[in-house]
Amino acid sequence: MTPPGVWVVIAAYNESARLGGTLAELAPHARNVVVVDDGSRDDTAAVARAAGVWVLRHPINRGQGAALQTGIRFALQQGAEFVVTFDADGQHDPADLPALLAPVVAGTADAALGSRFLGRTVGMPTSRRLVLKAAVLFTRVVSQVRVTDAHNGFRALSRAAADAIGIRQDRMAHASEILDEVRRLNLRYVEVPVTIRYTAATLAKGQSSWNSIRIVWQLLVGRVMK
Amino acid sequence: MTLFQIAAVTVLAALLLRDVWRWGRSPLTHGLRLLRLAAWAAAAVTIAEPGLLQVVANLLGIGRAADVVLYLTALGGLWVAFYLYTRCLRLEREITALTRHLAIRDATPPAGVPEPSSGRK
């Protein structure tokens, strides 16, 4: 079980089919969990409520970045000392939580970033691997942050880091923006091996590889218009 | 002056006067208001004295007056597209901020946990 000051933030959009399983798997590991239902049209909020976690609801869909920022702000208001971002679709393994949190709780890092390429992937298609590798290259060139996995939603932040990082990218470019912020704020970061599990359902709902072009566009425009 | 020139200059002068008259009530920034006044004035002068544009074209090395209009229209179009995009982005951010405020205000706690202090008044 994580320390009392740890809050796990989950952004969920139309995840009623998978969220229950994710929360059940997470329950033995985390005391404070907040699900931000990002304007879902299904029973995502009801599933979260039934699981006995905090539930916040965006009246309209604003994107994963916006939902995470909402959850992070709420967690900080509730006194969170550490914030973990976690995917709703069950791709992340809660068993990785202690290792991810360790450097942040120990104070040796402000941000611990999960890396599937240092850890393990289950069922990742080759096309996704190539796109993610390209994203890593892009991040190293544009954001100048040396990471092995640029778009992993499993990360742990200290309170100070979570407070300082302002996610302005409402949609999927938030992952790159967080890395930009890590560099801009000169935060100490460390990569931690984690497991990412792909299933047919998560691949069907998840990001299309073509969306990477849109993410690059959003990121570049976002940089111009602060 | 041809009939077209008289009509066009009259309309542009009316637009310019209207902008001056409503100066204090316009929601636009000072810069944008000035830019709009300049656009009306430039259009009126160009229509009233077409030879002037040819002089400008020669000065800029473009050659044809029509090309000056074409280039300015293209540049203006790009500027308008960028301006509208940024306005749209700012609006999106404001919507997100409002959405976030509502979501946090109406947070639902787990069973047995009291409502958060930021709850609805």
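Below: a short report on this structure. (Residues numbered from 1 in each chain as written. Chains lettered and ligands numbered in written order. Predicted model: local features only at pLDDT ≥ 70, side-chain atom pairs only at ≥ 80, totals over all residues.)

### A closer look at the overall build of chain A
Put simply, the rule reads: The numbering of helices and of strands both runs from the N terminus, where a helix is a DSSP run of H or I of at least 4 residues and a strand a run of E of at least 2. It is over C-alpha atoms that the radius of gyration is taken, and the globule rule equals 2.2 Å times the number of residues to the power 0.38. A residue is called partly exposed when the number of other C-beta atoms within 10 Å of its own lies between 12 and 20, exposed at 12 or fewer, and buried at 20 or more, with C-beta atoms placed from the backbone. This entry defines residue contacts through backbone-placed C-beta atoms, with two residues in contact when those atoms are within 7 Å.
Secondary structure summary: chain A contains 9 helices and 7 strands in total. In terms of overall dimensions, chain A is globule-like: its C-alpha atoms have a radius of gyration of 16 Å, near the 17 Å expected for 226 residues. In terms of overall dimensions, chain A has C-alpha extents of about 45 × 40 × 35 Å along its principal axes. The 226 residues of chain A split such that 52% are buried. Long-range pairs, those at least 24 residues apart, make up 77% of the contacts in chain A between residues at least 6 apart in sequence.

### A word on the overall build of chain B
Counting its secondary structure elements, chain B contains 4 helices and 0 strands. Secondary structure elements in chain B, listed N-terminal to C-terminal, are α-α-α-α. Along the first, second and third principal axes, the C-alpha atoms of chain B reach 80 × 35 × 20 Å.

### What to know about the interface of chain A and chain B
For the record, the criterion: Three residue categories are used. Nonpolar comprises Ala, Val, Leu, Ile, Met, Phe, Trp, Tyr, Cys and Pro, charged comprises Asp, Glu, Lys and Arg, and polar comprises the others, including Gly.
Each partner contributes to the interface: chain A provides 22 residues, whereas chain B provides 18 residues. Secondary structure elements with two or more residues in the side of chain A that touches chain B: strand 3 (54-58) and helix 3 (64-77) of chain A. Taken together, the residues of the side of chain A that touches chain B sort by class into 10 nonpolar, 6 polar and 6 charged.

### Some points on helix 4 (residues 97-105) of chain A
All names here are of chain A. So the rule is basically this: As used here, the arc is the angular range of directions from the helix axis to the C-beta atoms.
Among all positions of helix 4, only Leu-97, Leu-100, Leu-101, Pro-103 and Val-104 are buried. Looking down the long axis of helix 4, one finds its buried residues gathered within 160° of arc, a one-sided arrangement. On its buried face, helix 4 is in contact with strand 1 (6-12), strand 4 (82-87), strand 5 (111-122), strand 6 (155-158) and strand 7 (189-197). Once helix 4 ends, the next one or two residues include Gly-107, with phi positive near 85°.

### Regarding the sheet that holds strand 5 of chain A
Residue and element names in this part refer to chain A. The following threshold applies: The pairing criterion for strands is at least two bridges between them, as found by DSSP. Every axis in this analysis is a line fitted to C-alpha atoms, fitted for helices over the stretch in contact. Angles between the N-to-C directions lie between 0 and 180 degrees.
With mixed pairing, 7 strands are arranged side by side in an open sheet as 3-2-1-4-6-5-7. Sheet topology places strand 3 and strand 7 at the edges, where each strand pairs with a single neighbour. Going from strand to strand, the sheet's axes swing by 20° on average, the running direction of each strand aside. Sheet analysis places strand 2 (residues 32-38) next to strand 3, joined by 5 bridges and oriented parallel. Its bridge partner being in strand 3, Val-35 is matched across the sheet by Val-55. Taken strand by strand, helix 3 contacts strand 1, strand 2, strand 3 and strand 4, and its axis lies near 155° from that of strand 1.

### Quick look at helix 5 (residues 126-143) of chain A
All names here are of chain A. This is how the line gets drawn: To estimate the expected span of a helix, subtract one from its residue number and multiply by 1.5 Å.
For helix 5, spanning 18 residues, the distance from its first C-alpha to its last is 25 Å, which sits close to the expected 26 Å at 1.5 Å a residue. Listed in full, the buried residues belonging to helix 5 are Leu-132, Thr-139 and Ser-143. Relative to the axis of helix 5, the buried residues are bounded by an arc of 30° and lie together on one face. When the buried face of helix 5 is taken as reference, the exposed residues oriented beyond 90 degrees from it are Thr-126, Ser-127, Leu-130, Leu-137 and Val-141. The inward-facing, buried residues of helix 5 abut helix 7 (174-184). Of the residues flanking the end of helix 5, it is Gln-144, one or two places downstream, whose phi is positive at about 55°.

### Digging into the pairing of strand 4 of chain A
Residues and elements named next belong to chain A. Burial analysis of strand 4 places 6 of its 6 residues in the buried class, which makes it a mostly covered element. Here strand 1 runs beside strand 4; their pairing, made up of 6 bridges, is parallel. The residue bridging Ala-11 from the neighbouring strand is Asp-87, located in strand 4. Here strand 4 runs beside strand 6; their pairing, made up of 4 bridges, is antiparallel. In the sheet register, Thr-85 faces strand 6, and the bridge partner there is Arg-155.

### Details of the environment of Gln5(B)
Residues and elements named next belong to chain B. Within the secondary structure, Gln-5 sits in helix 1 (residues 3-21). Since 14 C-beta atoms lie within 10 Å of it, Gln-5 is described here as partly exposed. Taking the C-alpha atoms as reference points, Gln-5 and Tyr-83, 78 residues apart in sequence, are found 31 Å from one another. If sequence neighbours within four positions are ignored, Gln-5 has contacts with Ile-47 and Ala-48.

### Side note on the nonpolar core
All names here are of chain A. Heads up, the condition is: To count as a nonpolar core, a set of buried Ala, Val, Leu, Ile, Met, Phe, Trp, Tyr and Cys residues must be joined through C-beta atoms within 7 Å.
Among the nonpolar cores identified, the biggest contains 62 residues, and Val-8, Val-9, Val-33, Val-34, Val-35, Val-83 and Val-84 are the most heavily contacted of them. If one sorts the elements of this core by residue count, strand 1 sits on top with 7 residues. Once residues lying within four places of it in the same chain are set aside, the contact partners of Val-9 are Val-34, Leu-68, Gly-71, Ile-72, Ala-75, Val-83, Val-84, Thr-85 and Phe-86.

### Description of the environment of Leu68(A)
Residue and element names in this part refer to chain A. Structurally, Leu-68 is set in helix 3. Leu-68 gets classed as buried once you count the C-beta atoms within 10 Å, which come to 25. Taking the C-alpha atoms as reference points, Leu-68 and Gly-153, 85 residues apart in sequence, are found 10.0 Å from one another. Apart from residues lying up to four places away in sequence, Leu-68 is in contact with Val-9, Ala-11, Thr-85, Ile-167 and His-174.

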